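Geometric and topological summary
Next come the chains, spelled out residue by residue.
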Amino acid sequence: MTIQDIKSVGIIGAGQMGSGIAHVSSIAGFDVHMVDVNQDQLDAALATIKKNMQRQASKGKISESDIATALGRIKSSQQLESLSDCDVVIEAATENEEIKKDIFRKVCPLMKPEAILCSNTSSISITRLAAVTSRPGQFMGMHFMNPVPIMQLVELIRGIATEPDTYQAIKDMTHKLGKTSASSEDFPAFIVNRILLPMINEAVYTLYEGVGTVDSIDTAMKLGANHPMGPLELADFIGLDTCLAIMSVLYDGLADTKYRPCPLLVKYVEAGWVGKKSGRGFYDYGGETPVPTR
Ligand SMILES: CC(=O)CC(=O)SCCNC(=O)CCNC(=O)[C@H](O)C(C)(C)COP(=O)(O)OP(=O)(O)OC[C@H]1O[C@@H](n2cnc3c(N)ncnc32)[C@H](O)[C@@H]1OP(=O)(O)O
Ligand SMILES: NC(=O)C1=CN([C@@H]2O[C@H](COP(=O)(O)OP(=O)(O)OC[C@H]3O[C@@H](n4cnc5c(N)ncnc54)[C@H](OP(=O)(O)O)[C@@H]3O)[C@@H](O)[C@H]2O)C=CC1
């Protein structure tokens, strides 16, 4: 498979990342087949994609006719069978190893033999995920950043068995999407999250130990370190469930106490307060503007 052969892209999981990947893939001219277990999530994803495309149109980055053409390329379904003609399938379901492995076991027999399978996992071993597929040579990590339409980077991760042609095709596809790639070896949480998530976890410890409030921690890092979002705002944006899953992969995979997930992060996830997508995390998103909860 080369970039010339890639016409149709399948996406599994229509959450914030799946919808963003569908957005940029359709704008770049690929046919998109989006699958989720939840029909409401598929409907919400299409609405989000439309809203974000209109946002780009209002800035003059794309035209109204580009939107109509791109939206016309996106099909959605609850059936993995709809991915049978895709040249590349990108899995962007919940950050849970068993959910991902179950998806791969089910989708592999349905895919064309030559098709490439990628995971957008934030942290989980690509080699371990590849081992449950029927195509470890045609499997790799394609890690987009959130929000996908505006973040420039895609981390590319080869598993131990990933073939050079697979890596080259996905690198070329990344560039066709208008993104820049950076290559990471297959270690827990790769590059971006190996560095970013311990900082976010430390911000939660800073809150937990009473060093600062939500507002003072975020203001300190925005104005003191020039971060576009404070670490707690960013944690809510990523999803506290995803943050905890990544910290747990780092903690288990590197066996170092410096990666211990903060108990307050665990408590928020256990409460179902997983951030912006659930309406509450370190901020409450019920009103006009987010309100700090501590
Ligand atoms: C967890 C993982 O595995 C890996 C990860 O992804 S880690 C998370 C990585 N992401 C980050 O760190 C994001 C940090 N935050 C930021 O960079 C900024 O806050 C932000 C770009 C998200 C928003 O910036 P902002 O200045 O507060 O908002 P705003 O002015 O509304 O938006 C900036 C631009 O992005 C666009 N934009 C924002 N969100 C968008 C979206 N979802 N879709 C499309 N465009 C979007 C806006 O239209 C605007 O465009 P222009 O520059 O053309 O005006
Ligand atoms: N959030 C972020 O900033 C980033 C996340 N990622 C990674 O992207 C992936 C998705 O994250 P994100 O979009 O934030 O998560 P979301 O929670 O927003 O979306 C995940 C979606 O996957 C669906 N899903 C769960 N199980 C299945 C299944 N078996 N088949 C199909 N769909 C399924 C969920 O449905 P339901 O809600 O019904 O369970 C949900 O709609 C994760 O691996 C994450 O680590 C990568 C980069 C950045």
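Residues numbered from 1 in each chain as written. Chains lettered and ligands numbered in written order. Predicted model: local features only at pLDDT ≥ 70, side-chain atom pairs only at ≥ 80, totals over all residues. Heavy atoms only, no water.

1. Notes on the nonpolar core
- If you look at the biggest cluster of nonpolar residues, it comprises 37 residues, and the most contacted ones within it are M34, I90, M142, F144, I170 and M173.
- Examining the composition of this core, we find that five residues originate from one element, helix α2 (residues 39-58), more than from any other.
- Ignoring anything within four residues of it in the chain, the contact list for I170 reads V88, I116, C118, M140, M142 and L156.
- A203, L232, I246 and M247 belong to the second largest nonpolar core, which has 28 residues in total. (Core = buried A, V, L, I, M, F, W, Y, C linked by side-chain atoms within 4.5 Å. Buried < 20%, exposed > 50% of the residue type's maximum accessible area, 1.4 Å probe, protein only. Helix = DSSP H or I, 4+ residues; strand = E, 2+ residues; numbered from the N terminus. Contact = heavy atoms within 4.5 Å.)

2. Here we look at the confidence of the model for the protein chain
- Per-residue confidence for the protein chain gives a mean pLDDT of 98; residues scoring 70 or more make up 100%.
- Reported confidence for the predicted complex is 0.94 by ipTM and 0.97 by pTM. (pLDDT = per-residue confidence, 0-100.)

3. Some points on the environment of K179
- If you trace the backbone, K179 turns up in the loop between α6 (164-176) and β8 (180-184).
- Overall, the relative accessible area of 8% leaves K179 in the buried class.
- When the C-alpha atoms of K179 and D85 are compared, they prove to be 25 Å apart, with 94 residues separating the residues in sequence.

4. Brief notes about the pattern of salt bridges
- Within the structure shown, the criterion is met by nine salt bridges.
- Between K100 and E95 there is a salt bridge; the shortest N-O distance is 3.7 Å. Judged on exposure class, the residue K100 and its partner E95 are both buried.
- Here D102 and K106 are joined by a salt bridge, their closest N and O atoms 2.9 Å apart. Residue D102 and its partner K106 are both found in helix α4 (residues 97-107); the two are separated by four residues, about one turn of the helix.
- You can call D102 partly exposed: its relative accessible area is 34%.
- A network of salt bridges, in which partner residues are shared, links E91, E95 and K100. (Salt bridge = Lys/Arg side-chain N within 4 Å of Asp/Glu carboxyl O.)

5. Topic: the site of ligand 1
- Near ligand 1 there are 18 residues, and of these K61, S122, H143, N146 and N193 occur at the shortest range.
- Side-chain polar atom of K59 to an oxygen atom of ligand 1: 3.0 Å apart, as the coordinates give it.
- N146 is positioned with one of its backbone polar atoms (N or O) 2.7 Å from a nitrogen atom of ligand 1.
- Notes on ligand 1: free accessible area 1000 Å², of which the protein chains cover 68%.
- Of all the elements in the fold, those that place two or more residues in the shell around ligand 1 are α2, α7 (192-208) and α9 (231-238).
- Tallied by class, residues from the shell around ligand 1 come to ten nonpolar, five polar and three charged.
- Counting residues domain by domain, the shell around ligand 1 receives three or more from each of domain 1 (3-185) and domain 2 (193-292). (Near = heavy atom within 4 Å. Polar contact = N/O pair within 3.5 Å; in protein donor to acceptor, adjacent residues only side chain to side chain. Areas by Shrake-Rupley, 256 points an atom, 1.4 Å probe, with all protein chains shown as cover. Nonpolar A, V, L, I, M, F, W, Y, C, P; charged D, E, K, R; others polar. Domains from an automatic or database assignment.)

6. Some words on the sheet that holds strand β3 (residues 74-77)
- The strand order across the open sheet formed by eight strands is β3-β2-β1-β4-β5-β6-β7-β8, and the pairing between neighbours is mixed. The open sheet has two edge strands with one neighbour each: β3 and β8. On average, each strand axis in the sheet is inclined to that of its neighbour by 25 degrees, with strand direction left out of account.
- Here strand β5 (residues 116-119) pairs with strand β6 (residues 139-144) via three bridges, running parallel. Directly across from L117, in β6, lies its bridge partner F139. (Pairing = 2+ DSSP bridges. Axes fitted to C-alpha atoms, helices over the stretch in contact; angles between N-to-C directions.)

7. So, the UniProt feature "domain: 3-hydroxyacyl-CoA dehydrogenase C-terminal" (unreviewed entry) in the protein chain
- Per the UniProt record, "domain: 3-hydroxyacyl-CoA dehydrogenase C-terminal" (unreviewed entry) is annotated on residues 190-285.
- With 62% helix and 2% strand, residues 190-285 has end C-alpha atoms that lie 31 Å from one another. (UniProt positions renumbered as here; feature names shortened; annotations may be inferred.)

8. Considerations on the domain arrangement of the protein chain
- Domain annotation for the protein chain reports domain 1 (3-185) and domain 2 (193-292).
- The gap between the C-alpha centroids of domain 1 and domain 2 is 26 Å.
- A buried area of about 670 Å², summed over both sides, lies between domain 1 and domain 2, and 57% of it is on carbon and sulfur atoms.
- Classifying every residue of the side of domain 1 that touches domain 2 gives two nonpolar, five polar and one charged. (Buried area = accessible area lost by both parts, 1.4 Å probe.)

9. Some thoughts on the state of the cysteines
- Counted by the stated rule, this structure contains zero disulfides.
- Note on C86: no disulfide assigned, nearest cysteine sulfur contributed by C118 at a separation of 12 Å.
- The cysteine C108 is free of any disulfide, with C118 supplying the nearest cysteine sulfur at 12 Å. (Disulfide = S-S within 2.5 Å.)

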